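So the chains spell out like this:
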Amino acid sequence: MKKFDVTALGELLIDFTESGQSNQGNPLFEANPGGAPCNVLAMLSNLGHKTAFIGKVGNDFFGEQLKNAIMETGIDASCLCMDEKVHTTLALVHTGADGDRDFSFYRNPGADMMLTEEEVLEEVIKTSKVFHFGTLSMTHERVRRATKKAVRAAEEAGTLISFDPNLRPPLWESLDVAKEQVLYGLEHCHILKISDNEIQWLTNKSDYTEGVEWIRERYQIPLILVSMGKEGSRAYYGEKMVEAAPFLQKKTVETTGAGDTFCGCILHYICEYGLEHLTKDNLKEMLTFANAAASIVTTRKGALKVMPEREEVERMML
């Protein structure tokens, strides 16, 4: 028996989200807990799964806020480290008229970058059904080594590995270095969630199916999910390709966390049904639920603390 359904490693940070203007006409920002891996875990926790997080925040006001936030969400925080010298990473999120985002990071350095190999507890990963990671924990050498240690532990234990590139170009020394680390993730994962713009950037293919074929020529990944924003999503599994329509919302305020919500729902389905012998109906059901959940999050500020409940998602699907 596994102790955890999903363990994730990576960044936990504050997303300062635009929230109107002051009486003086100055922009106001709300300090929302965020970070893609924990957003994924928050969705999974809402769906009844046992989750754990491995990462680092500063031993400061925001670090305490984040620790409390993930514990309130039901995420095991026993592997969350607190850095005494480096402050918690911050991100300012500018939201466009269409709800899309632009990020400015305060991370030079940020506490999430300071996670070391010694602070990665292999036993937590080895007692998990799924290990999930992205590339923000691979932008710098110290945390990159920690991430790769975690991946090795997952492989040794036969744990399913899920990977979401979650590319943030401003955080990389160069996009060539970013591509190198994304390719590492592709080499080691069983489940890949990749966005439309990421697969086009990585493969130089404008057609998503051609992009998936490019990946498959190089890496044996059983399940590939392509999130396509307002166009919905696709699942590529064996010879099957299934597409599900989006649930477009008139009340969309921002898209922060939508992809993470989607990813959490995919991992929920895999935890429930496994990765083998999935039918087209299975894939359609999985994508439809994930699309519905992601659409709900776009109507809310932030992500980690506002993930939908199962009943909300099911009502959306009616």
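Residues numbered from 1 in each chain as written. Predicted model: local features only at pLDDT ≥ 70, side-chain atom pairs only at ≥ 80, totals over all residues. Heavy atoms only, no water.

**Q** Give me the lowdown on the layout of surface pockets, citing residues and values where you can.
**A** As a volume, the second largest pocket reaches approximately 180 Å³. Contributing to the lining of the second largest pocket are His268, Tyr269, Glu272, Tyr273, Glu285, Met286, Phe289, Arg310, Glu314 and Met317. Elements supplying a minimum of two residues to the lining of the second largest pocket: helix 8 (258-273), helix 9 (280-297) and helix 10 (310-317). A class-by-class count of the residues in the lining of the second largest pocket yields five nonpolar, one polar and four charged. (1 Å grid on protein atoms, 1.4 Å probe; cavity = no way out; pocket = protein on both sides within 12 Å on 5 of 7 lines; lining within 4 Å. Points joined across faces, edges and corners; volume = space filled by probe spheres on them. Helix = DSSP H or I, 4+ residues; strand = E, 2+ residues; numbered from the N terminus. Nonpolar A, V, L, I, M, F, W, Y, C, P; charged D, E, K, R; others polar.)

**Q** Give a description of the packing of helix 8 against helix 9 that names residues and reports values.
**A** In contact at an axis separation of 8 Å, helix 8 and helix 9 are set at 145° when each is read in the N-to-C sense. Pair helix 8 / helix 9 crosses with right-handed handedness. Listed contacts from helix 9 to Ala258, Thr261, Phe262, Cys265, Ile266, His268, Tyr269 and Ile270 of helix 8 are Asn282, Glu285, Met286, Leu287, Phe289, Ala290, Asn291, Ala293, Ala294 and Val297. Of the residues assigned to the contact of helix 8 with helix 9, the class counts are 13 nonpolar, four polar and one charged. (Axes fitted to C-alpha atoms, helices over the stretch in contact; angles between N-to-C directions. Left-handed = near helix turned anticlockwise from the far one by under 90°. Contact = heavy atoms within 4.5 Å.)

**Q** Run through the state of the cysteines, naming residues and quoting values.
**A** Enumeration over the complete set of coordinates arrives at zero disulfides. Here Cys79 stays free of any disulfide, with the sulfur of Cys81 as its closest cysteine sulfur at 7.5 Å. Considering cysteine sulfurs only, Cys265 is the nearest to Cys263, which forms no disulfide, with 9.3 Å between them. On the basis of relative accessibility, which here comes to 2%, the residue Cys263 falls in the buried class. (Disulfide = S-S within 2.5 Å. Buried < 20%, exposed > 50% of the residue type's maximum accessible area, 1.4 Å probe, protein only.)

**Q** Kindly report on the pattern of salt bridges, identifying the contributing residues and their values.
**A** Opposite charge on two side chains makes pairing possible when the charged atoms of those side chains draw close. One pass over the full model with this rule turns up 15 salt bridges. The partner of Asp112 in a salt bridge is Arg107, with the nearest N and O atoms 2.8 Å apart. Take Asp112 and Arg107: they sit in the same class, and that class is buried. Note that Glu122 is salt-bridged to Lys126, the shortest N-O span being 3.5 Å. Linking Glu122 with Lys126, this pair stays in helix 3 (residues 122-126), spanning four residues, or about one helical turn. Of the residues examined, Glu122 reaches a relative accessible area of 29% and is grouped as partly exposed. Exposure remark for Lys126: the relative accessible area of 26% places this residue in the partly exposed category. (Salt bridge = Lys/Arg side-chain N within 4 Å of Asp/Glu carboxyl O.)

**Q** Pulling in residues and values, what's your account of the packing of aromatic side chains?
**A** If you walk through the whole model with that rule in mind, you get six aromatic pairs. With centroids separated by 5.4 Å and ring planes inclined at 75°, the aromatic side chains of Phe61 and Phe62 adopt a geometry described as edge-to-face. Residue Phe61 is classed as exposed on the basis of its relative accessible area of 64%. With a centroid separation of 4.5 Å and 40° between ring planes, the pair formed by Tyr269 and Tyr273 is classed as tilted. Pair noted here: Tyr269 and Tyr273 are both in helix 8, with a separation of four residues, about one helical turn. (Phe/Tyr/Trp six-rings, centres within 6.5 Å; stacked < 30°, edge-to-face > 60°.)

**Q** I'd like a description of the environment of Glu198, backed by residues and values.
**A** If you trace the backbone, Glu198 turns up in helix 6 (residues 196-203). As a C-alpha pair, Glu198 and Asn166 span 32 residues in sequence and 8.0 Å in three-dimensional space. When neighbours within four sequence positions are excluded, Glu198 is seen to be in contact with Asp164, Pro165, Asn166 and Leu167. Looking at Glu198, its side chain comes within polar contact range of the main-chain nitrogen of Leu167, at 2.8 Å. Polar contacts involving the side chain of Glu198 include one to the main-chain amide nitrogen of Ser195, which spans 3.0 Å. (Polar contact = N/O pair within 3.5 Å; in protein donor to acceptor, adjacent residues only side chain to side chain.)

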